[in-house]
Amino acid sequence: MKITSFCRVFGERYIKATTILLVVPIVLFARVGAADVNWTAKPVFDPIKDQTLCMLESVKKVLNDGYQDTEIVLRVGEHGLRVVTKSNIDAGKGDIGFQVDEHEFVPMDRVYLEQTIVFEKDIAKIIEQFKKGVRAKFTLRFWPTYPDTGSKTLTFSLIGFTKAYGDLANCG
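Throughout what follows, the structure given in this document is the object of discussion. In this text, all values refer to a predicted model and were calculated from it rather than measured experimentally. (Residues numbered from 1 in each chain as written. Predicted model: local features only at pLDDT ≥ 70, side-chain atom pairs only at ≥ 80, totals over all residues. Heavy atoms only, no water.)

1. Some remarks on the side chain of arginine 82
So, step 1. Within the fold, arginine 82 resides in strand S5 (residues 80-85).
So, step 2. Given the relative accessible area of 3%, arginine 82 is considered buried.
So, step 3. Apart from the residues lying within four places of it in its own chain, the contact partners of arginine 82 are Asp46, Ile48, Lys49, Met55, Val73, Leu74, Arg75, Thr116, Ile117, Val118 and Glu120. (Helix = DSSP H or I, 4+ residues; strand = E, 2+ residues; numbered from the N terminus. Buried < 20%, exposed > 50% of the residue type's maximum accessible area, 1.4 Å probe, protein only. Contact = heavy atoms within 4.5 Å.)

2. Notes on the state of the cysteines
So, step 1. For the structure shown, the criterion picks out one disulfide.
So, step 2. The side chain of cysteine 54 participates in a disulfide bridge whose partner is cysteine 171; the two sulfur atoms lie 2.2 Å from each other. With cysteine 54 in strand S2 (residues 51-58) and cysteine 171 in the segment after helix H3 (161-166), this residue pair connects regions lying 117 residues apart in the sequence.
So, step 3. Using a relative accessible area of 30% as the deciding quantity, one classes cysteine 54 as partly exposed.
So, step 4. Looking at cysteine 171, the relative accessible area reads 12%, which means it is buried. (Disulfide = S-S within 2.5 Å.)

3. Concerning the nonpolar core
So, step 1. By size, the foremost hydrophobic cluster in this structure holds 33 residues, and its most contacted members are Trp39, Leu81, Phe98, Phe119, Phe130, Phe138 and Leu140.
So, step 2. Broken down by element, the residue count for this core peaks at four residues, all from helix H2 (residues 123-132).
So, step 3. Contacts of tryptophan 39, omitting those with residues within four sequence positions, involve Leu56, Glu57, Ser58, Leu74, Val76, Phe130, Ser157, Leu158, Ile159, Gly160, Phe161 and Ala164. (Core = buried A, V, L, I, M, F, W, Y, C linked by side-chain atoms within 4.5 Å.)

4. Structural notes on the pairing of strand S11 (residues 152-157)
So, step 1. Because side chains alternate across S11, one face comprises the buried residues Lys152, Leu154 and Phe156, and the other comprises Thr153, Thr155 and Ser157, none of which is buried.
So, step 2. By the bridge criterion, six bridges tie strand S10 (residues 135-140) to S11 in an arrangement that is antiparallel. The partner of arginine 135 across the bridge, within S11, is serine 157. (Pairing = 2+ DSSP bridges.)

5. A look at the sheet that holds S10
So, step 1. Sheet architecture is open: four strands sit in the order S7-S6-S10-S11, paired in antiparallel fashion. Looking at the sheet topology across the chains shown, the edges are occupied by strand S7 (106-107) and S11.
So, step 2. Note that strand S6 (residues 97-100) and S7 share two bridges and pair antiparallel. Bridging from a neighbouring strand, glycine 97 pairs with proline 107 of S7.
So, step 3. Where H2 meets the sheet, it contacts S6, S7 and S10, and its direction lies at approximately 45 degrees from that of S6. (Axes fitted to C-alpha atoms, helices over the stretch in contact; angles between N-to-C directions.)

6. Thoughts on the layout of surface pockets
If you roll a probe as big as a water molecule over the atoms, it shows you where there is empty space left.
So, step 1. Considering only enclosed or pocket space, the largest pocket measures out at about 230 Å³ in volume.
So, step 2. The wall of the largest pocket is formed by His103, Glu104, Phe105, Val106, Pro107, Asp109, Phe119, Lys121, Asp122, Lys125, Ile126 and Gln129.
So, step 3. Elements represented by at least two residues in the lining of the largest pocket include exactly S7 and H2.
So, step 4. Within the lining of the largest pocket, the residues separate by chemical class into five nonpolar, two polar and five charged. (1 Å grid on protein atoms, 1.4 Å probe; cavity = no way out; pocket = protein on both sides within 12 Å on 5 of 7 lines; lining within 4 Å. Points joined across faces, edges and corners; volume = space filled by probe spheres on them. Nonpolar A, V, L, I, M, F, W, Y, C, P; charged D, E, K, R; others polar.)

7. Notes on the environment of serine 157
So, step 1. Looking at the element boundaries, serine 157 is found in strand S11.
So, step 2. Considered as a pair, serine 157 and valine 100 are 57 residues apart in the sequence and their alpha carbons are 9.9 Å apart.
So, step 3. Not counting chain neighbours up to four residues away, the residues in contact with serine 157 comprise Asn38, Trp39 and Val134.
So, step 4. For serine 157, the side chain forms a polar contact with the side chain of asparagine 38, separated by 3.4 Å.
So, step 5. Of the polar contacts made by the side chain of serine 157, one reaches the backbone nitrogen of isoleucine 159; its length is 3.1 Å. (Polar contact = N/O pair within 3.5 Å; in protein donor to acceptor, adjacent residues only side chain to side chain.)

Listed below in structure tokens is the structure:
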């Protein structure tokens, strides 16, 4: 084998190996960094308690409610889980709730001022499921006084929830 051939082969392998070693950590860091933005511990005014509370807030998601696009955000704290939207909730069929991974479906407890779904019972159990889970799939229904548009599903990532939950004590 000639020296020039050896250098060419060795050089190509060196460049490929160097590229892999540089790209893999960047990709892994980007994935870990992305997990942190799924949930944020922050002070949020809770109209149910009529005060500002430290809560975890999910990223905002957009869902078509059957008539228009609406933003939906989850807020979690020691007093409960809130699903906040700008569309009116239709609680008439009793099918609104969520499921974390393969756990049982958790039905909503009530609707507050037409646009917030409230889960208060067993909040400690809900938080533990969120900490251990990967995703929570919510079943929602909108516009009780309009023709039925059917149930809608929306999935939220639980990646980063546990870390953000640990930040709750320092969010005030």
